Amino acid sequence: MAVAVFAQPGSGARFDWGLTGAAELGRVCAVLVVVDVLSFTTAVEVAVSRGMRVHPFPWGKQAAEYARRAGAVAAVGRRQMTSEHPWSLSPAALRTAPVVADLVLPSPNGSAISAAASATGLPVVAACLRNAGAAGRWLRDQGYGSTDAPVGVIAAGERWPDGSLRPSVEDQLGAACVLDALSGVPGGLSVEAAMALAALASTPDVPAAVRGCVSGRELVEGGFPDDVEVAVEVGVSEVVPVLRQGVFSAA
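Since the model is a prediction, treat every value here as computed from it, not as a measurement. (Residues numbered from 1 in each chain as written. Predicted model: local features only at pLDDT ≥ 70, side-chain atom pairs only at ≥ 80, totals over all residues. Heavy atoms only, no water.)

Structural notes on the layout of surface pockets
Summary: where empty space remains is shown by rolling a probe the size of a single water molecule over the atoms. Just so we agree on the cut-off: Only protein atoms enter the 1 Å grid used here. Points where a 1.4 Å probe fits but cannot escape make up a cavity, open sets with protein on both sides within 12 Å along at least five of seven lines make up a pocket, and a residue lines them when an atom lies within 4 Å of a point. Grid points are joined across faces, edges and corners, and a volume is the space filled by probe spheres set on the points. Helix and strand definitions here come from DSSP, where helices need a minimum of 4 consecutive H or I residues and strands a minimum of 2 consecutive E residues; each element is numbered from the N-terminal end. In this classification, the charged set is Asp, Glu, Lys and Arg, the nonpolar set is Ala, Val, Leu, Ile, Met, Phe, Trp, Tyr, Cys and Pro, and all remaining amino acids, among them Gly, are polar.
Taken as a whole, the largest pocket spans an internal volume of roughly 430 Å³. Every residue lining the largest pocket is counted, 17 residues in all, and those nearest its centre are Leu38, Arg78, Leu89, Glu158 and Leu219. The leading source of residues in the lining of the largest pocket is helix H10 (residues 214-221), at three residues. Considering only residue class, the lining of the largest pocket consists of five nonpolar, seven polar and five charged.

The structure is reproduced here in structure tokens:
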């Protein structure tokens, strides 16, 4: 079987999971959309809507050094926040943290995918439940969605302790909301994208599903219920963060 089939040829909107899926679709798509609802792309939307530029960075200690070189502030883990350093991957914290010009935002999933995709030179859109409709409309307005300029929608997913991908309810639903806004694009949806979109039909209450899924419960039980509540505010934002030259800013 030809390797080319994994790129879902002949469709205007395509769907895959994780870093490997992003690398595959990044070879053939004109733009990538990264969805990491809990919490990277939600945090990006919150920060960009407040006027911050966000630098994605793979999870690790090098983020602080990169931030120093870039003249930026490095976000820390949720549990490392202090009153003097309130910037983290927590969308709820970013709603009230002082606005900085440039924020380095590391995460093991959405940020790592975005950073890797940026290296290819492709524009990358950060989408979440808050702005999925706006992201889809912006993509259509920019002329994406044909077979000549296909969109690749990437659900980031989570990680098992051994590092393998754990597909996640919240990211499939977030991706489905983007794909819903892309329905009717000239190139149509790939089978994979259509099946991802079908998740919406069986989910009458998306916020309740995200609150009740493994990732939502993990955050709530870990003491961060406000992050889930920010993430499940469906369709409240018209901000579309686009990653160009290594930085997310409003389209």
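Quick word on the nonpolar core
What counts here: Definition of nonpolar core: a set of buried residues of the types Ala, Val, Leu, Ile, Met, Phe, Trp, Tyr and Cys, connected through side-chain atoms within 4.5 Å. Exposure categories follow from relative accessible area, calculated using a 1.4 Å probe and restricted to protein chains: below 20% of the type maximum is buried, above 50% is exposed, and the middle band is partly exposed. Residue contacts are defined here by distance: any two heavy atoms, one from each residue, within 4.5 Å place the two residues in contact.
With 41 residues, the main nonpolar core has Phe15, Val33, Val125, Leu139, Val153, Leu179 and Leu182 as its most contacted residues. Top element by residues in this core is helix H7 (residues 169-182). It accounts for six residues. Contacts of Val33, omitting those with residues within four sequence positions, involve Val125, Ala127, Leu139, Val151, Gly152, Val153, Ile154 and Val178. Leu25, Val54, Ile113 and Ala156 belong to the second-largest nonpolar core, a separate cluster that totals 32 residues.

Points about the side chain of Arg78
Put simply, the rule reads: N or O atoms within 3.5 Å of each other form a polar contact, as long as, within protein, one can give a hydrogen and the other can take it, and as long as residues adjacent in sequence are counted only when both atoms are side-chain atoms.
Within the secondary structure, Arg78 sits in the loop between strand S4 (73-74) and helix H4 (91-96). For Arg78, the side chain forms a polar contact with the side chain of Asp227, separated by 2.6 Å. Sequence-distant contacts of Arg78, defined by excluding residues within four places in its chain, comprise Ser39, Ser88, Leu89, Ser90, Pro91, Leu219, Phe224 and Asp227.

Details of the state of the cysteines
Short version of the rule: Two cysteine sulfurs form a disulfide in these notes if their separation is within 2.5 Å.
Under the definition given, this model contains zero disulfides. Note on Cys128: no disulfide assigned, nearest cysteine sulfur contributed by Cys177 at a separation of 10.0 Å. Here Cys128 falls in the buried class, since its relative accessible area comes to 0%.

Focus: unusual backbone geometry
For the bond from Leu38 to Ser39, the omega torsion is 20°, close enough to zero to count as cis. By the element assignment, Ser39 lies in the loop between strand S2 (31-35) and helix H2 (40-49). Of note in the backbone geometry, Gln8 takes a positive phi value of approximately 55° without being a glycine. Considering the arrangement of structural elements, one finds Gln8 in the segment before strand S1 (13-17). What makes Gln8 buried here is its relative accessible area of 7%.

Comments concerning the packing of aromatic side chains
Inclusion rule: Paired rings are identified among Phe, Tyr and Trp, the last through its six-membered ring, by centres lying within 6.5 Å, and are further divided according to the angle between planes into stacked (under 30 degrees), edge-to-face (over 60) and tilted (the rest). For a lysine, the NZ atom is tested; for an arginine, the CZ atom; a charge sits over a ring if that atom is within 6 Å of the ring centre and within 35 degrees of the ring normal.
Taken as a whole, this structure holds four aromatic pairs when the rule is applied. Between Phe15 and Trp17, the aromatic rings sit 5.7 Å apart at their centres with planes inclined by 75°, giving edge-to-face as the arrangement. For the pair Phe15 and Trp17, a shared accessibility class is recorded, and that class is buried. Ring centres 5.1 Å apart and planes at 25° place the aromatic pair Phe57 and Tyr66 in the stacked group. Judged by its relative accessible area of 21%, Tyr66 is partly exposed. Residue placement shows Arg78 over the ring face of Phe224; its charged tip is 5.6 Å from the ring centre. In this structure, Arg166 packs its charged tip against the face of Trp160, placed 5.9 Å from the ring centre.

A word on H10
As a reminder, the rule being used: The arc in question is traced by the directions running from the helix axis to the C-beta atoms.
Along H10, the positions that sit buried rather than exposed are Ser215, Gly216 and Leu219. Burial along H10 is one-sided: seen end-on, the buried residues are contained in an arc of 100°. Away from the buried face of H10 by more than 90 degrees, exposed residues Val214, Glu218 and Glu221 are located. Of the surrounding secondary structure, the elements contacted by the buried residues of H10 are strand S8 (158-159), strand S9 (165-166), H7, helix H9 (206-212) and helix H11 (225-231). Downstream of H10 by a residue or two, Gly223 has a phi angle that is positive, lying close to 95°.

Some thoughts on the pattern of salt bridges
Condition: Throughout this description, the term salt bridge denotes a Lys or Arg side-chain nitrogen within 4 Å of a carboxyl oxygen of Asp or Glu.
Summed over all chains, the structure comprises ten salt bridges. Between Glu65 and Arg69 there is a salt bridge, and its shortest N-O distance comes to 3.8 Å. With a gap of four residues between them, Glu65 and Arg69 both fall in helix H3 (residues 62-70), about one helical turn apart. For Glu65, a relative accessible area of 34% translates into the label partly exposed. Exposure remark for Arg69: the relative accessible area of 59% places this residue in the exposed category. In this structure, Arg137 engages Glu238 in a salt bridge whose closest nitrogen and oxygen atoms are separated by 2.9 Å. Here the residue Arg137 occupies a position in helix H6 (residues 132-141), and Glu238 occupies one in the loop between H11 and strand S10 (241-244), the gap between them amounting to 101 residues. Taking the relative accessible area as the measure of exposure, Glu238 reaches 58% and is therefore exposed. Put simply, Glu45, Arg95, Arg130 and Glu233 are held in one network by salt bridges that share partners.

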